[in-house]
Amino acid sequence: MSLDIRGISYIVGDTSGEAVRRDMHAIRESLHCTTVMVIGTDTRTQLDAARHALDVGLDVYIRPYLADRPHREILAHLTATAAGAEELRVRYPGRVTLLLGSEFSLTSPGMLPGPRVFIRLQVLVRWRRFFDRRITRKLNALLGAALPVARAAFHGPVTYAAGFWEKVDWSGFDVIGVNLYRLGPNPAVYQQRLIALLEEADRPVVITEFGCGAHLGAERRGPGSFRIVNWFTRPPRVRDGHVRDEATQAAYLAELIDLYAAHDVHGCFVFTFVMPDFPHHADPRYDLDMAGFGVVRVPSADPSRWEPKKAFHQVARRYEAFEGGAAGQHS
């Protein structure tokens, strides 16, 4: 059993540098992660967060995010991110990996109908099978354009966080990255999908996202956990009938980490550390945290701090068990 990369993602927003340093220290020392995936739109703040992570001993996967923008802007953004990532790679050799992006068929226009991610998501959920061939063709064209852009500026390992529905030509990449959420009533289907992915792979496989919300039934919703909220009300409100349950999220993450280790997956990244836009509220009608994926909760009364959830402690126990026995920490 092995799991060389034991990670979690970290979404960079407008968090202060001091708070980012605190978070990275907790990710390394309390969660026992070896690696953090830093996700961000603003290149400077994203690279600053990556630097804080490297300074506390974490390896980093740097993942740029630019939604609903033309492909030329995505490539320009990637160019800037790759250049900054290369500076970090030179300073911290062997510890930086670059992603081209994530789920381009959903986050970028042109592969699915709709001007915004939210609309394309509805199309994806309901009618994806009608667009599979178009997605594959256009996605690999975009990745084919993005890969040389990244390679020109960044000289370390490169990957991409593919949606589980995306059929990627991985021949030019160093690592296969897949956002592989478990959902539905039959966990055996997920295990079969994982085994098939590993059997087809000719290079290391990293699960770049997996997770669920903290409510009863979230283990069956997986990536759709956020849909228990009516986002069109002001303020957003959890739909009636949903019950907070942190143990559901904790068990989901623990089971999948154990599954990855049993099948010698190279690495995995829990989605995600914290989601300030999904605050915890004492009133269950407004407790957006139960629909979010963070392993810590942010109190609605004080968004400057966070509190560990049951998922935090469960992930920490699983990752700590590998310390001293894993084959390596670097991609």
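Shown above is the structure to which this text applies.
Residues numbered from 1 in each chain as written. Predicted model: local features only at pLDDT ≥ 70, side-chain atom pairs only at ≥ 80, totals over all residues. Heavy atoms only, no water.

Q: Please explain the pairing of strand β5 (residues 158-163) as it appears in this structure.
A: Residues in a regular strand project their side chains so that they alternate between the two faces of the sheet. Most of β5 sits inside the fold, with six of its six residues counted as buried. Burial of β5 is two-sided: the residues V158, Y160 and A162 facing one way and the residues T159, A161 and G163 facing the other way are all buried. The sheet contact formed by β5 and strand β6 (residues 176-179) spans three bridges and is parallel. The residue bridging A162 from the neighbouring strand is V178, located in β6. (Buried < 20%, exposed > 50% of the residue type's maximum accessible area, 1.4 Å probe, protein only. Helix = DSSP H or I, 4+ residues; strand = E, 2+ residues; numbered from the N terminus. Pairing = 2+ DSSP bridges.)

Q: Mind showing me how you'd approach unusual backbone geometry here?
A: Note on backbone geometry: most residues besides glycine have negative phi, and most peptide bonds are trans. The linkage connecting R234 with the following residue, P235, adopts the cis geometry, with an omega of 0°. Here P235 lies in the loop between β8 (229-230) and β9 (237-238). A cis geometry characterises the amide bond from F271 onward to T272, with omega recorded as 5°. Tracing the backbone shows T272 in the loop between β10 (267-270) and β11 (296-297). In this model, H32 sits at a positive phi of 60°, which is unusual for a non-glycine residue. Along the polypeptide, H32 turns up in the loop between α1 (17-29) and β2 (35-40).

Q: Help me out: how do you make sense of the sheet that holds strand β3 (residues 59-64) in this one?
A: Whenever strands of a sheet pair, they do so through backbone hydrogen bonds, lying parallel or antiparallel. The strand order around the closed barrel built from eight strands is β1-β2-β3-β4-β5-β6-β7-β10, with neighbouring strands paired in parallel fashion. The sheet shows a mean angle of 25° between the axes of neighbouring strands, taken without regard to direction. Contacts between α1 and the sheet are confined to β1 (5-11) and β2, with β1 contributing the most and set at about 160° to the helix. Contacts from helix α3 (residues 71-91) reach β2, β3 and β4 (96-102), with the element oriented near 165° to β4. (Axes fitted to C-alpha atoms, helices over the stretch in contact; angles between N-to-C directions. Contact = heavy atoms within 4.5 Å.)

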